[in-house]
Amino acid sequence: YGNFIDDLRVYVRGGAGGMGYPRLGGEGGRGGDVWFVARERITLKGIKEKYPHKRFIAGTGANSSVKALKGEKGKDCEVHVPPGISLLTDDGKQIGEINAAGERFLAARGGFGGSLATNFLPCKGQKRIIRLDLKLIADVGLVGFPNAGKSSLLSKISHAKPEIASYAFTTIQPELGKIMYADYKQISVADLPGLIEGAHVNRGMGHKFLKHVERTKHLLLVVDISGFQLSVKTRFRTAFETILLLTKELELYKEELVTKPALLAINKMDLPCAKDNLNELMSQLQNPQDFLHLLEEEMIPANTLKFKEIIPISTYTGEGIEELKVYIRKSIDEEAERENEEYRKKKLLLLQTSQ
């Protein structure tokens, strides 16, 4: 992933409580807590550079004294993290999520101060190791094999400037761009490292790539109309086979990914024979069952993706780019309307049952 960090392991410890005051029954202050707080423009790389020891410890509670029988609480420790973080224990169990700026998560609780119940001795704060696992939150995730033209497409539809070259693995870290519309609506698009066959078992950058797809609301598959071959040692795949293989990789990693709203962009329409290849592909997509014999049985997905739109494009000539932007906006708006309708129905149902 180069300089991009999407996984960070940190040590957190709540502050110890303060000493009690046995002679006058005074209570020590509670130890401070450690909180994770989501903030925009924060990166895990930034956290690692700022806190190289990756240790976050809250303040100790004040001791009880004649002047202050109730000791003051220790100072809380706030750690700013990017939105889209899953919080995991060292053995991989998820203990929380922070998805939007301003959301907070209590990472380690401070210990109680000394009191009559504890023989006026303070308690230690909670301590544990937590893994911060970042999954990019974007409206649209670009999915495709290497060299399909995802980076070129991102640079055409947004203000992002990803690295683009003629070799297969140009994108080695996720790239985020925003499509800007005339009415100031913005849609975020994530270009992710290209999948390869076997990504679900973590070949290439399999899991590092696929976990970011989980948080995207829509999928945009980008396919080379002339097909794809990773190297001389691997089989050549037609555009139709590529679509099925991409679906299979998504399905094997997590079945829910295949249920996301999806669009299909068929790239490199400026190449010779592209029109003939497109006609053949469209007939295959209309009746996919008739062409499944082209693939090995273990490569066939249980469910084929249902594309809301299929858009032929060329990132080289700009053909179909504006139409694609319109369809992306339409798909996002339709999904938002559907969610709003479901929310309204639930509210109405709650009102009716309460009455």
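Going by the annotation in an unreviewed UniProt entry, the name recorded for the protein is GTP-binding protein 10, with Cephalopterus ornatus given as the source organism. In the Subcellular location (unreviewed entry) part of its UniProt record, the protein is described as follows: "Nucleus, Nucleolus". Under Sequence similarities (unreviewed entry), UniProt gives the following word-for-word description of the protein: "Belongs to the TRAFAC class OBG-HflX-like GTPase superfamily. OBG GTPase family."

1. Things to note about the environment of Gly141
Within the element layout of this structure, Gly141 appears in strand E9 (residues 140-143). Exposure remark for Gly141: the relative accessible area of 1% places this residue in the buried category. Separated by 73 residues in sequence, Gly141 and Glu214 have C-alpha atoms that sit 9.2 Å apart. In this structure Gly141 touches Ala190, Thr216, His218, Leu219 and Leu220, once residues within four positions along its chain are discounted.

2. Considerations on the pattern of salt bridges
The tally for this structure, following the rule as stated, stands at 23 salt bridges. Here Asp139 makes a salt bridge to Lys217, at a shortest N to O gap of 3.3 Å. Placement of the pair is Asp139 in the loop between strand E8 (127-134) and E9 and Lys217 in the loop between helix H3 (206-213) and strand E12 (218-224), with a sequence separation of 78 residues. Under the relative-accessibility criterion, Asp139 is labelled buried at 14%. The exposure class of Lys217 is partly exposed, given its relative accessible area of 49%.

Criteria and thresholds
Counting starts from 1 at the beginning of each chain's written sequence and moves along it residue by residue. With the structure being a predicted model, the display of local features is reserved for residues of pLDDT at least 70 and the display and counting of side-chain atom pairs for 80 or more, all residues being used for whole-chain, interface and lining totals. Side-chain metrics in this entry use all non-hydrogen atoms of the structure; hydrogen atoms and water are not considered. UniProt positions are given in the numbering used here, feature names are shortened, and annotations may be inferred rather than shown by experiment. Numbering of helices and strands runs from the N terminus, with a helix taken as a DSSP run of H or I at least four residues long and a strand as a DSSP run of E at least two residues long. The classification of residues rests on relative accessible area computed with a 1.4 Å probe and restricted to protein chains. Under 20% of the type maximum is buried, over 50% is exposed, and intermediate values are partly exposed. The contact criterion used throughout is that any non-hydrogen atoms of two residues lie within 4.5 Å. For this document, the term salt bridge refers to a Lys or Arg side-chain nitrogen within 4 Å of an Asp or Glu carboxyl oxygen.

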